[in-house]
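Coordinates in review
Chain by chain, the residues:
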Amino acid sequence: MKIGIIGAGNIGGNLTRRLTSLGHEVSVANSRGPQTLAALAEETGATPVTATEAARGAEVVVVTVPLKNVPDLPSGLFDGAAEGFVVIDTGNYYPQQRDGRIAAIEEGQTESRWTEQHLGHPVVKAFNGTYAEDLLERPRPQGHPERLALPVAGDDAAAKRVVRALIDELGFDSVDAGGLDESWRQQPDSPVYGLREGVDAVVKALAEASPERPAAFRAKA
């Protein structure tokens, strides 16, 4: 597939490494410009581009930028994307550590619903609780006893199928975590966040989640 990755931090960089190694055509962008991605491009064969170019022709677009920067992404971000393209949101709200107060999220909106509204396109939430190094170090074949499972939330069943197939190709199982309004089950400090376990444990952790946002992930009064 043709895949655009917007954000070249730990998750974006390692997804670039893995997806290019699997034979996908990857374009990658960051906030500092394509010239700063020369080393990653040389390592992986990905094409460094501007954010407005990352989605051109892409069947999948991964948005993996700090939540506070989502509203600053350029307009026309998805212009020229392939018909029926899928957007993956990997973001998390860290109000005390990075993002500051975002009122809608503090009032109960899920992080990915907020992101979706700013992007103007449906999103599938995935990889937000995944350790970046696990993308490189923990892939396992189907049926392997140590194969990890990742939760995937979204409203579009077809889009979720695309994302789950990609996760499988990357060497992980996945669990349907419900619609985007249920994605609080995989937000920071939930039982599944950062969980390195298989399908059964992920299903159990999602079921045990509480919709109440923990104090450590709320803005300070």
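Scope of this entry: the structure provided in the associated data block. Computed from a predicted model, the values in this text were never measured in an experiment.

Cut-offs used in this document
- Residue positions within a chain follow its written sequence, with the count starting from 1.
- Thresholds applied to this predicted model are a pLDDT of at least 70 for local features of residues and 80 or more for the giving and counting of side-chain atom pairs; totals over whole chains, interfaces and linings are not thresholded and use all residues.
- With hydrogens and water stripped out, all remaining heavy atoms of the structure feed into the side-chain values.
- The helix count covers DSSP runs of H or I at least four residues long, the strand count covers runs of E at least two residues long, and both are numbered beginning at the N terminus.
- Type-normalised accessible area, obtained with a 1.4 Å probe on protein chains alone, sets the label of each residue: buried when under 20%, exposed when over 50%, and partly exposed for intermediate values.
- We call two residues in contact whenever any of their non-hydrogen atoms come within 4.5 Å of each other.
- Only the protein chains shown count as covering a residue, and every accessible area follows the Shrake-Rupley method with a 1.4 Å probe.
- Neither His nor the chain ends is counted toward charge; the positive residues are Lys and Arg and the negative residues Asp and Glu.
- For this purpose, a charge sits on NZ of Lys, CZ of Arg, CG of Asp or CD of Glu.
- Orientation is described by axes fitted as lines to C-alpha atoms, over the contacting stretch for helices, and by angles from 0 to 180 degrees between their N-to-C directions.
- Should an angle fall under 35 degrees it is taken as roughly parallel, and over 145 as roughly antiparallel, whereas 65 to 115 is taken as roughly perpendicular and any remaining angle as oblique.
- Under this grouping Gly is polar, as are all residues other than the nonpolar Ala, Val, Leu, Ile, Met, Phe, Trp, Tyr, Cys and Pro and the charged Asp, Glu, Lys and Arg.
- One less than the number of residues in a helix, times 1.5 Å, gives the span that helix is expected to have.
- It is the directions from the helix axis to the C-beta atoms whose arc is reported.
- Two N or O atoms form a polar contact when they lie within 3.5 Å of each other; inside protein one atom must be a possible hydrogen donor and the other a possible acceptor, and for residues adjacent in sequence the pair counts only when both atoms belong to side chains.
- Two strands pair if DSSP finds at least two bridges between them.

**Observations regarding the overall build of the protein chain**
- The number of helices and strands found in the protein chain is eight helices and eight strands.
- In terms of its C-alpha atoms, the protein chain occupies a principal-axis envelope of roughly 45 × 40 × 30 Å.
- Counting only residues that meet the buried cut, the protein chain has 52% of its 221 residues in that class.
- Across the protein chain, the fraction of contacts at a sequence separation of at least 24, relative to all contacts at a separation of at least 6, is 69%.
- Surface exposure of the protein chain reaches about 9900 Å², of which carbon and sulfur atoms provide 47%.
- Side chains of the protein chain carry 22 positive and 31 negative charges; the gap between the two charge centres is 3 Å.

**Notes on the packing of helix α1 (residues 10-21) against helix α7 (residues 157-170)**
- In contact at an axis separation of 10 Å, α1 and α7 are set at 80° when each is read in the N-to-C sense. Taken as axis vectors, α1 and α7 run roughly perpendicular relative to one another. Note on element contacts: α7 touches α1 through L166, E169 and L170, opposite L15, R18 and L19.
- Residue composition of the contact of α1 with α7, by class: four nonpolar, no polar and two charged.

**Quick word on α7**
- In this model α7 runs 20 Å from its N-terminal to its C-terminal C-alpha over 14 residues, within 8% of the 20 Å that 1.5 Å per residue would give.
- Those residues of α7 lying buried are A159, K160, V163, L166, I167 and L170. All buried residues of α7 fall inside an arc of 125° around its axis, so they share one side.
- Put simply, D156 is the residue that caps the front of α7, since its side-chain oxygen is 2.9 Å from the backbone nitrogen of A158.
- Of the residues flanking the end of α7, it is G171, one or two places downstream, whose phi is positive at about 105°.

**Side note on the pairing of strand β4 (residues 60-63)**
- Because side chains alternate across β4, one face comprises the buried residues V60 and V62, and the other comprises V61 and V63, equally buried.
- Note: β4 against strand β5 (residues 86-89), four bridges, orientation parallel. Within β5, the position partnered with V61 by the bridge is V87.

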